[in-house]
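One-letter residues, chain by chain:
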Amino acid sequence: MKLLKPSWVSQNGKPIFSVDIHPDGTKFATGGQGEDSGKVVIWNMAPVLREEDEKNENIPKMLCQMDNHLACVNCVRWSNNGLYLASGGDDKLVMVWKKAAFIGPSTVFGSSSKLANVEQWRCVTILRNHTGDVMDVAWSPHDVWLASCSVDNTIVIWNARKFPEIVTTLKGHTGLVKGLTWDPVGKYIASQADDHSLKVWRTMDWQLDTNITKPFSECGGTTHVLRLSWSPDGQYLVSAHAMNNSGPTAQIIERDGWKTNMDFVGHRKAVTVVKFNPKIFKKKQRNGSAPKPSCPYCCCAVGSKDRSLSVWLTSLKRPLVVIHDLFDKSIMDITWTLNGLGMLVCSMDGTVAFLDFSQDELGDPLNEEEKNTIHQNIYGKSLAITMETQLSSTIIENPEMLKYQQERPGAQTSSGVQGAGLENQTPKLTNVVNGESLEDIRKNLLKKQVETRTADGRRRITPLCIAQLDTGDFSPALFNSVPILPGSSAAPQLTPQLSSDSNTANSLCLRANQEPAASPTKNATDDKDSGTPALNSVGPKSNLLLTAASKIEPMKALDSRFTERSKATPGVTSAPANLGISTLDRVKDSGVVKDWKMKEETSSDSEDKGQKAPPLAKRKADMEAAEVVEKRKKGRPRKDTKLMMAVPQAYPQTPVSVEKEMARIPAPIISLKLHTPAVQKSFTIQVGTDPVIYLEVENEASVVAGARISQLRCSRDGREWDTVLPSRIATATGSSDVVAVACEDRTLSVFSACGRRLLPSIMLPAPISTLHCSAFFVMALTASASLSVWDVQKQVALVKNESLSSILLGSDATVSHSMLTDQGVPVVGLSNGKSFCFSSAMETWNLIVDKQDALVQCADFRNCVSSQDALGSTGPLAATQGRTLSASRLASRLSSAPHHLQQGMTLAFLEQQLSSALVLRSTAEYRHWLLIYTRFIVNEGYEQRLRELCKDLLGPVHKSSSSSWEPTVLGLRKRDVLAEVLPVIGQNLRFQRLFTEYQDQLEIVRLK
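Residues numbered from 1 in each chain as written. Predicted model: local features only at pLDDT ≥ 70, side-chain atom pairs only at ≥ 80, totals over all residues. Heavy atoms only, no water.

A. Local environment of the overall build of the protein. Across its full length, the protein holds 26 helices and 55 strands. A total of 1008 residues make up the protein; the buried ones form 55% of that total. By sequence separation, contacts in the protein at least 24 residues apart represent 57% of the contacts at least 6 residues apart. Total accessible area on the protein stands at roughly 43300 Å², and carbon and sulfur atoms take up 52% of it. (Helix = DSSP H or I, 4+ residues; strand = E, 2+ residues; numbered from the N terminus. Buried < 20%, exposed > 50% of the residue type's maximum accessible area, 1.4 Å probe, protein only. Contact = heavy atoms within 4.5 Å. Areas by Shrake-Rupley, 256 points an atom, 1.4 Å probe, with all protein chains shown as cover.)

B. Spotlight on the sheet that holds strand E52 (residues 834-839). Read from one edge to the other, the open sheet built from four strands follows the order E50-E51-E52-E53, with strand pairing classed as antiparallel. The sheet is open, and its two edges are formed by strand E50 (815-820) and strand E53 (844-850), each paired on a single side. Within this sheet the neighbouring strands show an average axis-to-axis angle of 25°, counted without direction. Direction of pairing for E52 relative to E53: antiparallel, over a ladder of six bridges. When the sheet's bridge partners are listed, Lys834 is paired in E53 with Asp850. Strands E52 and E53 of the sheet are contacted by helix H22 (residues 899-919), whose axis makes an angle of about 130° with E53. (Pairing = 2+ DSSP bridges. Axes fitted to C-alpha atoms, helices over the stretch in contact; angles between N-to-C directions.)

C. Broad picture of the pairing of strand E28 (residues 309-313). With respect to burial, E28 is a largely interior element, five of its five residues being buried. Note that strand E27 (residues 299-304) and E28 share five bridges and pair antiparallel. Counterpart to Ala301 in the pairing with E28 is Val311. Where E27 folds back on E28, the antiparallel hairpin that results is connected by four residues, among which Arg307 adopts a positive phi of roughly 70°.

D. Region of interest: the packing of H22 against helix H23 (residues 923-940). Where H22 meets H23, the closest approach of the two axes is 9 Å, and the angle between their N-to-C directions is 155°. Classified by the interaxial angle, the pair formed by H22 and H23 is roughly antiparallel. As H22 runs across H23, the sense of the crossing is left-handed. On H23, the residues that touch His899, Gln903, Thr906, Leu907, Phe909, Leu910, Glu911, Gln913, Leu914, Ala917 and Leu918 of H22 are Glu925, Tyr926, Trp929, Leu930, Ile932, Tyr933, Phe936, Ile937 and Glu940. Looking at the contact of H22 with H23 residue by residue, the classes come out as 13 nonpolar, four polar and three charged. (Parallel < 35°, antiparallel > 145°, perpendicular 65-115°, else oblique. Left-handed = near helix turned anticlockwise from the far one by under 90°. Nonpolar A, V, L, I, M, F, W, Y, C, P; charged D, E, K, R; others polar.)

E. Structural detail: the pattern of salt bridges. Per the stated rule, a full pass over the model turns up 28 salt bridges. Ionic pairing is found between Glu51 and Lys55, a salt bridge with its closest N-O pair at 3.1 Å. One end of the pair is Glu51 and the other is Lys55, both in helix H2 (residues 51-55) and four residues apart, which spans about a single turn. When salt bridges that share partners are traced, they join Arg77, Asp136, Arg227 and Asp333 into one network. (Salt bridge = Lys/Arg side-chain N within 4 Å of Asp/Glu carboxyl O.)

F. Examining the sheet that holds strand E14 (residues 154-159) more closely. Spatial ordering of the open sheet is given by E12-E13-E14-E15, a layout of four strands whose pairing is antiparallel. Edge positions in the sheet fall to strand E12 (134-139) and strand E15 (166-171), since each of these pairs with one other strand and no more. Averaged over all pairs of adjacent strands, the angle between their axes in this sheet comes to 15°, without regard to strand direction.

G. Just helix H4 (residues 368-379), in detail. An ideal rise of 1.5 Å per residue puts 16 Å on twelve residues; H4 measures up with 16 Å between its terminal C-alpha atoms. Where H4 is concerned, the buried positions are Lys371, Asn372, Ile374, His375, Asn377, Ile378 and Tyr379. Two residues or fewer after H4 comes Gly380, characterised by a positive phi angle close to 75°. (Expected span 1.5 Å × (residues − 1).)

As structure tokens, then:
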């Protein structure tokens, strides 16, 4: 290793806060404090690498200096393609620079002629949104997005293809956000802040995936930056500024379950920056020795406030090198050359250091092909974008086609290649994992079966999933609501067994039990923030370490080097295998008896799902048995009853005694009765987000002439109004336009945003169960399971006392959630995972989501989703489907279906999504799914469907009185949509005749 401190890299002695080497290795950028502004400087790399170039005066050292930032620059980052440089500073701005055509040497205003700029870099865009200093910027893989974080506690995601368009703003940190890193797989972005937390966000829907606080709870003081880093294989995320036993560490977070069992220790002060080498290495072969199979490993550099730098290899138990007192002040940033052998480090003292490693020290870097093989094994896909060079031998007849062929996204491959690729997409696991054959693992699992007893005393064997161990990275979000299908591979539940020797078979059962037992009313945020570590670890995380256990050296082998955290998880060790019991015990809380059968099924996934529901008499007997257990608890409690009580009830509902519940259901006819909210003395409800509306209710606030008066107070944007009602208020809600109040006497009152009554009280046919408002629409769902929706602005009924009997009868499901879309379409979700919306035009209930539908699990449309599509995938359909959908992208490795069958399932699924978005009247989602659907049928060659779609979008070219063609769909002009669809068709040469035909007709129509 060589160490060099080039003294000529200096910003006049002012601090250098950031450094980044250009992807081609010829130059590097620094950012920091200028004389009276922020300064970005681009330097030549050659004088750093070679001494003769440093001495040669004809070789320039500084290439360009930019003083546009008004205040100190905190971060500089090159885009992955090297075309752009992004810089963020204390002036709250992010500037994006691009090299301009060379006009001749120019000087920075006010400087001497010696400092002439050799290259011209100009600011092509200024991104203004942050309200505080910008601390870090980061380009996503393939430069689709640029992320910036700030002391305003937010992270802004910019569309790097359409600056200055903002994709989203991630809010959730309560402290200054000081570091960002993208997952190399492109699935997550992680941020670290002064609020003692590290948050991981999903790029699919830009929602928080996990919030890690435990390793940072002890952290005192602060650091200028918190630059965290993701390993090049995507398996590990390493944070800055963590603490363990009062000692500063860099926390290692495993992608699998976001476990925090290991850390890099040794620095005396807080860690400020962590940076992984972009290469994956393998051990160098000695001359003459036979090549030995060795596990690939990664390399990571850690910089600290203690002015020292350490470099770690995941194959060594101790750091490869530690350099103390490298600088006079804290280390601020680290960057590696793309070949993985050189590293630049900068410090607050205004100097930089270059470390040059040899392959003997680090190992042989894997070439791109080997790296892609590792990614293929872990994630089932290569992370490299491969450009399709051959356009086949088809002659291009239309010049427009040539344009779209050139613009064609490289990630898409021809349908023939896809067909062949799908067969080979499932990575096979080596037959031996951690020294045990798969057969032995299966046998051991079978020996460790766990037995529990139900409330009526029957034995239950907790099912263990021992499916074939051959899956790659797929999201366990599937298991949130869908039982594991026989034949589908559920290996991620075995992951702890394979990747960590501390876990026992019991924890395996815990995983198998938890998810299916989840209540349908429980939403994604409950899952994440429940606070129970056991539940937390099985959220929408990627269980990726399965193949890694054999392909990449696991970090758990380095325990002697890491200080191992205590693996005892609070709340789990007490009764690890008995979580399933609480699902049975919960029957006494359940608001509806019909849930009993569902919960009984949930406790044992292996039971045949095709069984018919037991007769009511048998169910009644089961109820009585449960009641006996309740009575026995008053005396000496049974052993397993204690466990039931130890597990917290995860789903608080209004307790209803079993006798009352049974009385409510007259045999043999089952009448529908929904849960009604209990009338409280006073309560406050918060509705809406922009603006936030607070509704305060005080029942029986005063007595006037013997009548009890209830009061409603509404406050929004600092303005308040109140009104009085003659009956006790059961529930209230509001939107940006109206406030609706349902009372105990079955009246429904609707007020304007200012408190003016809009219409006389509506008499409901039964007590209210659920009330929703959206814009001027009001939806009431009553206890007798009848639904009504009104447009109070036009004073018309959209849905009139529509019964839920058609969707509830014949199943044991109950209503678990409901919503009203912005267009006034009611959506009702049931406990069996099905969601329906009511079409007022057709007067029918339409099934829009079925979480147990095989199509959702097996549809694979990953190749048809572009980076821009993530923006349009929010709306009522996405909200109803929740996280199950993101899993479908990775489901190609889940199903063992042949390609043609999977193709048909994907097609059916996309057409279902399209029709659901149409019936929900969700314009953005309709357009989103239409483009994905078009890409899919273009890729897979469905010509008839494509022609029919284009025909409907184009409509008749010549006007005709007999034509029933509608020119718009959900407010979108169909011909404008066709103009968007045509470039997609243009990417497949097979359809060039169809493309030319419709393009010509579209031009004729537009000229008219």
